[in-house]
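In case you want the letters, here they are:
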Amino acid sequence: MNHLPSAVTLCEVGLRDGLQNEKTILPTEKKVELLRGLAGAGFRVIEVGSFMHPKAVPQMADTDEVYKAVGELPGVELRALIPNLRGVKRAAECGCKKVKLNVSASRQHNLKNLNMTPEESVAGFAGCVQAAGENGIAISGSISMPFASPWEGRIPLADVEAIIEAYLKVGITEISLSDASGMAVPNQVYQLCAHVGEKYPQVSWWLHFHNTRGLAMANIMAAMEAGMTQFDSSFGGLGGCPFVPGAAGNISTEDVLNMCDEMGIQTGVDILKVMELSRTLRELLGHDMDSYILRAGRARDLVLS
């Protein structure tokens, strides 16, 4: 095994990427309670919600109200997904200080949904970057399906690099590689992460893996070995992608925490508090979630006589 990091940073995305797929729409006050609980568990980066059109994603319609209710949490970056300039304006109005834009590396996916190439989409973000700067809002970018898509299969490296360079051209230097289709495999993850990490050292990288085919944990390990240290995860393994056929949820936060704890990789997050929050969420939603640790418990807690 190659060199692994001594510490990693996890961004909890369940409140956005998890809840946006649920039929049950949680009350604002419950979201605020969960958000405060996640901050109390030690997360320093949390994805609160999104400023998408309420008709498109009704589960996120109250993101503005969640921000207003929770205010600032010292030492915690509260970020939200935005689709366009209107999202920046909503962020400014409710006190959100970090937003994230997204574009698909699948050219067919992007053309079908937006009638633009991925590069054209990113070029159109320049106004968002300017407005964010004027309002004191930090901005990052995400590349969905940079590894493979249901439309093209494996994504050519040149296509991924073209999007990275388009982001850099508009001034975005924090970029997430998001395996929304759950089609990535470890050797591919290692190769891409090692390549972009070396070629674009000015970029702060995040990795976002869905566990659609059971490979998310292996992909996280591969990314770690390639030098990556920032990862998204979702408590309870909640989530999915409503726009990708058969896409299952994100990797479970407590599963990642358990692996890191057992391997001596520091996260700064209390797994027991996260497990309790996941149990609360399970009760609120009324169904089981895709988390090994919720089902089996931590190995270190077993006492066999």
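Located above this text is the structure these notes cover.
We now turn to the structure provided with this report. (Residues numbered from 1 in each chain as written. Predicted model: local features only at pLDDT ≥ 70, side-chain atom pairs only at ≥ 80, totals over all residues. Heavy atoms only, no water.)

## Describing the overall build of the chain
Step number 1: Each helix and strand in the chain was counted, giving 13 helices and 10 strands.
Step number 2: A compact globule built from 305 residues would reach a C-alpha radius of gyration of about 19 Å, and the chain, at 18 Å, matches this within 12%.
Step number 3: Its C-alpha atoms put the chain at 65 × 45 × 35 Å along the principal axes.
Step number 4: Each of the 305 residues in the chain was classed as buried or not, and the buried ones make up 55%.
Step number 5: When contacts within the chain are restricted to residue pairs at least 6 apart in sequence, those whose partners lie at least 24 apart make up 75%.
Step number 6: In the chain, which carries 27 positive and 34 negative side-chain charges, the distance between the mean positions of the two groups comes to 4 Å. (Helix = DSSP H or I, 4+ residues; strand = E, 2+ residues; numbered from the N terminus. Rg over C-alpha atoms; globule rule 2.2 N^0.38 Å. Buried < 20%, exposed > 50% of the residue type's maximum accessible area, 1.4 Å probe, protein only. Contact = heavy atoms within 4.5 Å. Lys, Arg positive; Asp, Glu negative; His and termini not counted. Charge placed at Lys NZ, Arg CZ, Asp CG, Glu CD.)

## So, the layout of surface pockets
Step number 1: Its boundaries defined by the atoms lining it, the second largest pocket holds a volume of some 210 Å³.
Step number 2: Forming the walls of the second largest pocket are 13 residues, and the residues nearest its centre are E72, V76, L78, G95 and K97.
Step number 3: Of the residues that constitute the lining of the second largest pocket, the class distribution is 7 nonpolar, 2 polar and 4 charged. (1 Å grid on protein atoms, 1.4 Å probe; cavity = no way out; pocket = protein on both sides within 12 Å on 5 of 7 lines; lining within 4 Å. Points joined across faces, edges and corners; volume = space filled by probe spheres on them. Nonpolar A, V, L, I, M, F, W, Y, C, P; charged D, E, K, R; others polar.)

## Quick word on helix α9 (residues 186–199)
Step number 1: Helix length check: α9, at 14 residues, gives a terminal C-alpha distance of 20 Å against a target of 20 Å (1.5 Å per residue), a fit within 8%.
Step number 2: Listing the buried residues of α9 in full gives Q188, V189, L192, C193 and V196. Taken end-on, α9 shows its buried residues confined to a sector of 120°, consistent with a single buried face. In α9, the exposed positions that point more than 90 degrees away from the buried face belong to Q191 and E198.
Step number 3: Those residues of α9 that are buried lie in contact with β6 (148–149), β7 (153–154), α8 (157–169), β8 (174–179), β9 (204–209) and α10 (216–225). (Expected span 1.5 Å × (residues − 1). Arc of directions from axis to C-beta.)

## Digging into the side chain of T63
Step number 1: Inspection of the secondary structure puts T63 in helix α3 (residues 63–70).
Step number 2: At a separation of 3.1 Å, a polar atom in the side chain of T63 contacts the main-chain carbonyl oxygen of S50.
Step number 3: Setting aside its immediate chain neighbours within four residues, T63 contacts G49, S50 and F51. (Polar contact = N/O pair within 3.5 Å; in protein donor to acceptor, adjacent residues only side chain to side chain.)

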